[in-house]
Each structure stands twice: as C-alpha cells, then as structure tokens.
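Close look at the chain arrangement
Listed here are the chains, written in short residue letters.
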There are 2 protein chains.
Amino acid sequence: MATEEVKLLGFWVSPPVFRVKWALEIKGVKYEYIEEDIFNKSTLLMELNPVHKKVPVLVHDGKAIAESFVILEYIDETWKQNPLLPQDPYQRALARFWAKFAEEKILRGAWNALCSQGEEKQKALEQTIEAMEKIEGELEGKEQFFGGESVGYLDIILGWISYCLPVWEEVGSMQILNPLKFPAITAWINRFLNHPVVKDKLPPTDKMLVYFHQRSKALASTSHGNRAENGKNKNKTPRTG
Amino acid sequence: MATEEVKLLGFWVSPPVFRVKWALEIKGVKYEYIEEDIFNKSTLLMELNPVHKKVPVLVHDGKAIAESFVILEYIDETWKQNPLLPQDPYQRALARFWAKFAEEKILRGAWNALCSQGEEKQKALEQTIEAMEKIEGELEGKEQFFGGESVGYLDIILGWISYCLPVWEEVGSMQILNPLKFPAITAWINRFLNHPVVKDKLPPTDKMLVYFHQRSKALASTSHGNRAENGKNKNKTPRTG
C-alpha cells in the first residue's frame with residue numbers, strides 16, 4: 001500500500017469529478033489531482049480515456065478507470081474502509097437504483113431545462129421536479145444522509161445538487177429546489193455542505209455562474225441552429241462523464 | 001435457502017428481461033416467470049416498480065428490484081456460485097465500463113437507427129457501427145466469451161445482439177453485424193447462441209419480426225408527428241428497462 005499511486009484527472013466544476021474526489025477523501029486515499037482543460041484536451045486524457053475522452057479518469061498504479069459510477073464501485077471495492085455502498089445486497093440494489101434514476105431524471109433533466117427555452121424548458125422542469133419528489137420521499141425518515149449516519153454512495157452521486165443546482169437555477173431563471181416542497185432534501189443539502197470532505201472545497205459561486213452562463217448559451221445556440229437534431233444535446237451533461 | 005421465493009416479471013422478447021433470465025439460469029436459481037402485458041400493465045407491475053413501471057422486475061422473498069443492470073449486480077452478490085463479474089476490481093471496472101458503453105451506444109444506437117429514416121438513420125447507424133468496432137477490439141484475444149471461458153456479466157449485457165439485432169437489421173433494412181468487419185463478434189454470437197442457458201430458449205424469429213415491425217412503425221410515426229420532441233424517442237428502448 002505504501003507505494004501505491006493514485007491520480008485523478010478532473011475539471012474544477014464537474015459533478016462526476018467531485019464524486020470521485022469525495023469518495024477518495026471519505027476513504028482517506030491520498031491522490032494527485034490533475035486539472036484538465038476540457039476545451040483543449042490533453043494527450044494524457046486521450047490516452048487514458050480514448051473511448052469517451054472525458055473526465056473524471058482515476059489512475060491507480062497505472063490502471064485507468066473512467067465513468068464516475070464505475071469509478072465509485074472500483075473505489076469501494078479497492079479500499080474497504082468507510083464503505084460507500086451498504087453491505088446488504090438489497091440495500092445496495094436500492095442505492096444503485098436511485099443513483100441511476102437521479103442521474104437520468106434529475107441531473108439530465110435539470111441540465112436540459114437549463115439549456116432550453118419555452119415549452120421544452122417547462123416540460124424538462126416539470127419532469128425534474130417530479131423526480132425530485134421521489135428522491136424527497138426516499139430521504140424522509142433517514143437519519144442524516146441517504147447512507148444513514150455517514151455520507152454514502154447515493155449521497156455522493158447526488159452531491160452535485162448541493163453546489164451546482166443552485167447555480168443552474170440562477171443561470172436558467174428557474175426554481176427546482178423549493179424548500180417548502182423539499183424540506184428533507186433542503187436539510188440534507190445543509191448537512192452535506194457542512195461535511196468535512198465537502199466544506200470549503202467547492203468552487204466559488206461567481207466563477208460557476210460565469211461558466212454555466214457561457215456553457216448553457218453555447219449549447220442552446222447549437223441546439224437552435226439545428227432543430228432536427230434536437231435529441232443530441234439532451235443527453236449531454238457538462239462535458240464530463 | 002430451501003424456502004426462498006424468486007419471481008421474474010418479464011416480456012417475451014425484451015433484452016433486459018433475457019439478461020435476468022440468463023443470469024438466474026447460470027446461477028442455477030429456480031424462479032417463477034410471470035409474463036407481463038406491457039401494453040396493458042398489471043397492478044402487480046405498478047406496485048413492484050412504481051417508479052418506471054417497466055420489466056424486468058425481480059422479486060426475491062418479497063423484495064422487488066428493477067433495472068437489469070441493478071438486478072445483475074444483486075444476483076451476483078446474492079448467489080455467489082458461478083460469478084458473473086470478474087473477481088479483480090479493475091477487471092470488474094472494465095466489464096462495467098463496457099457494459100454501460102454498449103448499452104448507450106449499441107443498444108440505443110441500433111434502436112434509434114431502426115426507428116428513424118434518412119440522414120438521422122444513417123448517422124445512428126454509423127455511430128452504432130463505430131461502437132461495435134470498439135467492442136470487436138475488446139473481444140479480440142479473449143478465449144471464448146467476454147468473461148473468459150464462461151459466460152459472464154458483459155456477455156449477458158450484450159447477449160441481445162445474438163437474437164434481437166439480426167431482427168432489427170431485417171426490419172430496418174440495415175446492416176450492422178457485418179461478419180467480415182466483426183469476425184470476433186460473429187464467432188462470439190455463435191458460441192453464445194449454443195450456450196445451454198440460451199439455446200432453444202429464444203423467441204421465434206417470425207414472431208419477433210412481426211413485433212418489431214409494428215413497434216418501430218408505431219414509434220416512427222409518433223416521432224414524425226412531433227418533430228420538435230424528437231429527443232423523446234431516442235432514449236426509448238423497447239418499452240422495458
């Protein structure tokens with residue numbers, strides 16, 4: 001263990017990258033962080049993730065692993081301390097089910113709402129809020145986190161909601177995180193933001209506002225310029241995997 | 001173990017349902033199969049999978065699990081015999097990575113090609129074939145299956161290619177499975193179709209041809225009737241999860 005080498009290729013604001021950071025820090029794994037310019041990708045990124053050419057990429061003793069969901073499973077299997085997934089197979093299945101659900105319906109839904117206008121935006125917003133209601137229901141009755149008393153797999157998957165979603169709401173002039181509608185999620189966000197691996201380690205809000213403003217405008221203009229290929233952008237999250 | 005009860009809600013042609021069947025049969029788990037009418041969903045399905053209302057649903061001693069990727073992990077964790085995933089964490093990560101890739105790029109790609117026309121179809125076809133090239137590269141040098149000498153996780157995820165994809169090709173008047181271009185995949189398909197858990201247990205081709213002909217026509221007409229919402233159908237696989 002003494003000689004192991006762990007590197008993480010990331011991008012400063014990326015939700016999937018933060019997942020890997022949080023997981024490594026909960027495990028107490030030391031790693032070297034390498035910031036990637038995702039608009040001018042490095043040879044290293046192309047070599048380590050030739051299929052998707054996206055961050056995050058975790059490199060453990062020379063072995064490269066891509067895709068945040070896959071990386072989290074790898075981390076949990078490789079470093080056994082402070083488990084991320086529950087131990088019981090059925091509870092593990094539920095955590096994976098809700099993680100996939102949240103990714104497809106909330107992260108993608110909110111991003112689609114941010115990058116669209118009019119009726120399309122309205123529909124994306126409604127679907128995102130409907131999905132949030134299901135997550136709110138899952139959280140009710142939990143002690144502190146989705147993972148119980150400590151931050152676990154589903155907390156890490158959903159963690160982006162705490163720092164990114166408020167910025168998307170402001171940039172997109174939309175409301176998703178209504179505290180009256182989602183009291184459990186609101187309380188969870190406060191707890192999550194105060195967790196030692198999260199607190200004081202998030203990007204500055206003003207920098208995020210500028211970035212997502214530019215990014216959503218750029219994507220919206222691509223989408224408007226090519227209406228027939230509308231489906232394309234819908235699946236794109238912020239250039240990271 | 002003697003009293004355990006395993007049920008599977010499925011649909012006769014569904015690729016995700018066949019994954020669960022194959023996994024249970026490789027494990028030697030006895031189960032009751034319940035055919036679902038996905039066009040007139042049962043109260044049981046609505047109760048067991050209220051979020052997505054889709055098959056497959058595995059019910060193990062009263063606990064319901066949905067989503068084929070999640071179910072496969074559950075099966076592998078619950079019944080340890082004949083492991084589906086490799087034992088080494090890095091090899092597990094690779095299997096999960098390629099499974100996700102194949103789902104997003106090949107299953108979805110081929111389905112989009114089937115349900116579209118003209119330039120859109122051509123683009124979907126090209127992307128699917130490009131993804132197949134990567135899978136062909138992964139398979140080269142493997143002994144028998146993606147899982148080595150026996151059928152494993154990635155074989156199960158990709159198994160639909162062996163029985164469903166040829167039908168989609170015929171219905172959509174398109175070629176993806178070119179044996180000259182994909183000799184390793186072609187040989188793998190033959191081995192997979194002759195595996196004891198697969199052989200003589202697949203739906204009749206003529207029945208599949210009729211079903212997918214009707215289904216792709218129905219989806220294509222929905223898509224044409226509402227061009228602006230084009231993105232909708234792109235993510236839909238054949239009504240099952």
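For chain A, the name recorded in an unreviewed UniProt entry is glutathione transferase, with Theobroma cacao as its organism. What the UniProt record of chain A gives under Sequence similarities (unreviewed entry) is the line "Belongs to the GST superfamily. Tau family."

1. Considering unusual backbone geometry
All names here are of chain A. The residue after Val 55, namely Pro 56, is reached through a cis peptide bond having omega 0°. Looking at the secondary structure, you find Pro 56 in the loop between helix H2 (43-48) and strand S3 (57-60). With a phi close to 80°, Glu 67 is a non-glycine residue in the positive phi region.

2. Remarks on the UniProt feature "domain: GST C-terminal" (unreviewed entry) in chain A
The UniProt entry lists residues 88-219 of chain A under the feature "domain: GST C-terminal" (unreviewed entry), expressed in the numbering used here. Helix makes up 69% of residues 88-219 of chain A and strand 0%, whereas the separation of the span's terminal C-alpha atoms amounts to 42 Å.

3. Considerations on the domain arrangement of chain A
All names here are of chain A. Split into domains, chain A comes out as domain 1 (6-78) and domain 2 (89-234). When each unit is reduced to the centre of its C-alpha atoms, the spacing between domain 1 and domain 2 is 21 Å. Taken together, the contact between domain 1 and domain 2 spans 16 residues of the former and 24 residues of the latter. Note on domain 1 versus domain 2: buried area summed over both sides is about 1,900 Å², and carbon and sulfur give 72% of it. When residues of domain 1 are sorted by the area they lose upon contact with domain 2, Trp 12, Trp 22 and Phe 69 head the list and together hold 36% of the total. There are three salt bridges connecting domain 1 and domain 2. Our enumeration of links across domain 1 and domain 2 arrives at four residue pairs in polar contact (both at pLDDT 80 or more). Mapped by element, the contributors of at least two residues to the side of domain 1 that touches domain 2 are helix H1 (15-27) and helix H3 (68-78). Among the elements that make up the side of domain 1 that touches domain 2, the one with the highest residue count is H1 (seven residues). Residue composition of the side of domain 1 that touches domain 2, by class: 12 nonpolar, one polar and three charged.

4. Considerations on the pattern of salt bridges
One pass over the full model with this rule turns up 20 salt bridges over all chains. We note a salt bridge from Lys 201 of chain B to Glu 25 of chain B, for which the minimum N-O separation is 3.6 Å. Placement of Lys 201 of chain B in the loop between helix H9 (183-193) and helix H10 (205-225) and of Glu 25 of chain B in helix H1 (residues 15-27) is noted, with a sequence separation of 176 residues between them. Glu 73 of chain B is the salt-bridge partner of Arg 96 of chain B, the closest N and O atoms lying 2.7 Å from each other. In this pair, Arg 96 of chain B is assigned in helix H4 (residues 89-114) and Glu 73 of chain B in helix H3 (residues 68-78), connecting sequence segments 23 residues apart. Taken individually, Arg 96 of chain B and Glu 73 of chain B each receive the classification buried, so the pair is uniform in this respect. Via salt bridges that share partners, Glu 73, Glu 77, Arg 92 and Arg 96 of chain A together with Glu 73, Glu 77, Arg 92 and Arg 96 of chain B belong to a single interconnected network.

5. Concerning the pairing of S3 of chain A
Both faces of the sheet carry side chains from a regular strand, because those side chains alternate between them. Residues and elements named next belong to chain A. Here S3 shows two buried faces, one formed by Val 57 and Val 59 and the other by Leu 58 and His 60. Pairing analysis gives four bridges linking S3 to strand S4 (residues 63-66), with the strands arranged antiparallel. Looking at S4, one finds that Val 57 is bridged to Ala 66. Joining the antiparallel neighbours S3 and S4 is a turn of two residues, in which Asp 61 adopts a positive phi near 50°.

6. Notes on the layout of surface pockets
In this structure, the second largest pocket occupies an estimated 480 Å³ of space. Around the second largest pocket, the lining is made up of 18 residues, and of these Glu 77 and Arg 92 of chain A together with Glu 77, Lys 80 and Arg 92 of chain B lie nearest the centre. Secondary-structure elements contributing two or more residues to the lining of the second largest pocket are H3 and helix H4 (89-114) of chain A together with H3 and H4 of chain B. For the lining of the second largest pocket, the residue count by class is six nonpolar, two polar and 10 charged.

7. Re the nonpolar core
Membership of the largest hydrophobic core comes to 86 residues, with the highest contact counts inside it found for Trp 160, Ile 161, Trp 168 and Phe 212 of chain B. A total of 12 residues in this core trace back to one element, the largest contributor, which is H4 of chain B. Summarising the domain contributions, this core has at least three residues from each of domain 1 (6-78) and domain 2 (89-224) of chain B. Discounting chain neighbours no more than four positions away, the residues touching Ile 161 of chain B are Ile 106, Met 132, Pro 166, Leu 177, Trp 188 and Ile 189 of chain B. Val 57, Phe 146 and Val 198 of chain A together with Ala 93 of chain B belong to the second largest nonpolar core, which has 85 residues in total.

8. Here we look at the side chain of His 52 of chain B
Here His 52 of chain B is to be found in the loop between helix H2 (43-48) and strand S3 (57-60). Residue class for His 52 of chain B comes out buried when judged on its relative accessible area of 15%. Of note is the side chain of His 52 of chain B, whose polar atom sits 3.1 Å from the side chain of Glu 67 of chain B. If we skip the residues at most four places from it in the chain, His 52 of chain B touches Phe 97, Phe 101 and Lys 105 of chain A together with Glu 67 of chain B.

Analysis parameters
- Residues numbered from 1 in each chain as written.
- Chains lettered and ligands numbered in written order.
- Predicted model: local features only at pLDDT ≥ 70, side-chain atom pairs only at ≥ 80, totals over all residues.
- Heavy atoms only, no water.
- UniProt positions renumbered as here; feature names shortened; annotations may be inferred.
- Helix = DSSP H or I, 4+ residues; strand = E, 2+ residues; numbered from the N terminus.
- Domains from an automatic or database assignment.
- Contact = heavy atoms within 4.5 Å.
- Buried area = accessible area lost by both parts, 1.4 Å probe.
- Salt bridge = Lys/Arg side-chain N within 4 Å of Asp/Glu carboxyl O.
- Polar contact = N/O pair within 3.5 Å; in protein donor to acceptor, adjacent residues only side chain to side chain.
- Nonpolar A, V, L, I, M, F, W, Y, C, P; charged D, E, K, R; others polar.
- Buried < 20%, exposed > 50% of the residue type's maximum accessible area, 1.4 Å probe, protein only.
- Pairing = 2+ DSSP bridges.
- 1 Å grid on protein atoms, 1.4 Å probe; cavity = no way out; pocket = protein on both sides within 12 Å on 5 of 7 lines; lining within 4 Å.
- Points joined across faces, edges and corners; volume = space filled by probe spheres on them.
- Core = buried A, V, L, I, M, F, W, Y, C linked by side-chain atoms within 4.5 Å.

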